[in-house]
Amino acid sequence: MRENYTLPRLHLDAPLKDGANIALDKAQAHYIGTVLRREVGESVRVFNGRDGEWRAQITKIEKKRGALKVTEQLRAQQTSPDIWLCFAPVRKHRNAFIFEKGTELGVACFQPVLTARTQFPKMRMDKDKAQIIEAAEQTERLDIPTVRAGMTLTELLSGWDKNRLLIFADEAGDAPRAREVLSTFSPNTPCAILIGPEGGFTPEERETLRRKECVRPVSLGPRILRADTAALSLLTIWQTYLGDW
Ligand code: SAH
């Protein structure tokens, strides 16, 4: 049973320990005081992605600043399963969707990958980071997924750690079914999922990927899914066989 989940939850950067006093910046004070209408003496939950989750009491709340006193640890730090999501950036709102839902589904690391047919190579990382933190706050995660700088598919493959299996969502139709492939992996195998852009992978990219020993091409059935749907579907299958569901 989850306790305390009705207390609002806030991500902070400051180190969290018993008795720590934490200054709230303008956005945080606005959120607690104006949006949530909490007052001095009331409690919230705070986490920083490193020190677990703590109860903190509001000791000051003004329009542009405020302060909290950390009072009690509610949960020790725990990390999400080791699953990465490598994806070709899509339209802005669809990237936001991938970040939000991927965070809910337990992604540890987002890796934007620029493929030959990637149409939207530029990403607004600051906005995406805020989206990820908000999703982590909502979903009761204690860790915040990392977002790596974008790189080309060639760079990704040349620096790849061969102990991590790269589950390649291959829309061409001749790859084995995802569930048949993932059900054979041993538990705790480090994995990453690779999703292509709306234009798909080029024949050369497919060939390069398929030649790599750590790559496992998989099919998600006879229908072509949009990149965001494919990402979330494959994450769900991964969770079913190898994750923490
Ligand atoms: N324009 C391409 C489709 C790209 S869909 C075409 O018509 O073939 C975007 C990405 O989602 C793909 O590159 C692939 O990684 C993934 N995807 C979509 N549907 C899929 C399926 N049925 N099986 C495996 N991967 C799929």
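The rules behind these values
- Residues numbered from 1 in each chain as written.
- Predicted model: local features only at pLDDT ≥ 70, side-chain atom pairs only at ≥ 80, totals over all residues.
- Heavy atoms only, no water.
- Phe/Tyr/Trp six-rings, centres within 6.5 Å; stacked < 30°, edge-to-face > 60°.
- Helix = DSSP H or I, 4+ residues; strand = E, 2+ residues; numbered from the N terminus.
- Buried < 20%, exposed > 50% of the residue type's maximum accessible area, 1.4 Å probe, protein only.
- Pairing = 2+ DSSP bridges.
- Domains from an automatic or database assignment.
- Contact = heavy atoms within 4.5 Å.
- Buried area = accessible area lost by both parts, 1.4 Å probe.
- Salt bridge = Lys/Arg side-chain N within 4 Å of Asp/Glu carboxyl O.

J.: Looking at this structure, how should I read the packing of aromatic side chains?
T.: The relation between two aromatic rings is expressed through the spacing of the ring centres and the mutual angle of the planes. Scanning the entire structure with this criterion turns up 4 aromatic pairs. When the ring of W84 is compared with that of W160, the centres are 5.8 Å apart and the planes differ by 75 degrees; the resulting orientation is edge-to-face. With W84 in strand β6 (residues 83–87) and W160 in the loop between α4 (153–158) and β10 (165–169), this pair connects stretches of sequence that are 76 residues apart. Overall, the relative accessible area of 16% leaves W84 in the buried class.

J.: I would appreciate a short explanation of the pairing of strand β11 (residues 191–195) in the present structure.
T.: Two faces make up the sheet, and in a regular strand the side chains alternate between them. Taken across its 5 residues, β11 has 5 buried, putting it largely inside the fold. Across the two faces of β11 the burial is the same, with C191, I193 and I195 and A192 and L194 all buried. Bridge count for β6 against β11 is 5 bridges, and the pairing is parallel. Bridging across to β11, L85 finds its partner in I193. One ladder, built from 4 bridges, connects β10 with β11; its direction is parallel. Residue pairing in the sheet places I167 in a bridge with I193 of β11.

J.: Would you mind showing me how to read the domain arrangement of the protein chain here?
T.: A common measure of how large an interface is: the accessible area buried when the components associate. When the domains of the protein chain are assigned, the result is domain 1 (2–75) and domain 2 (83–242). The interface of domain 1 with domain 2 comprises 10 residues on the first partner and 8 residues on the second. Here domain 1 packs against domain 2, burying approximately 830 Å² in sum over the two surfaces, 55% of which is carbon and sulfur. For the domain 1 face of the interface with domain 2, the top three residues by lost area are R9, H11 and F47, together amounting to 54%. Connecting domain 1 to domain 2 are 3 salt bridges. Between R9 and E140 there is a salt bridge, with its nearest N and O atoms 3.7 Å apart. Elements with a contribution of two residues or more to the side of domain 1 that touches domain 2: β1 (9–11) and β3 (43–47). It is β1 that contributes the most residues to the side of domain 1 that touches domain 2, 3 residues altogether.

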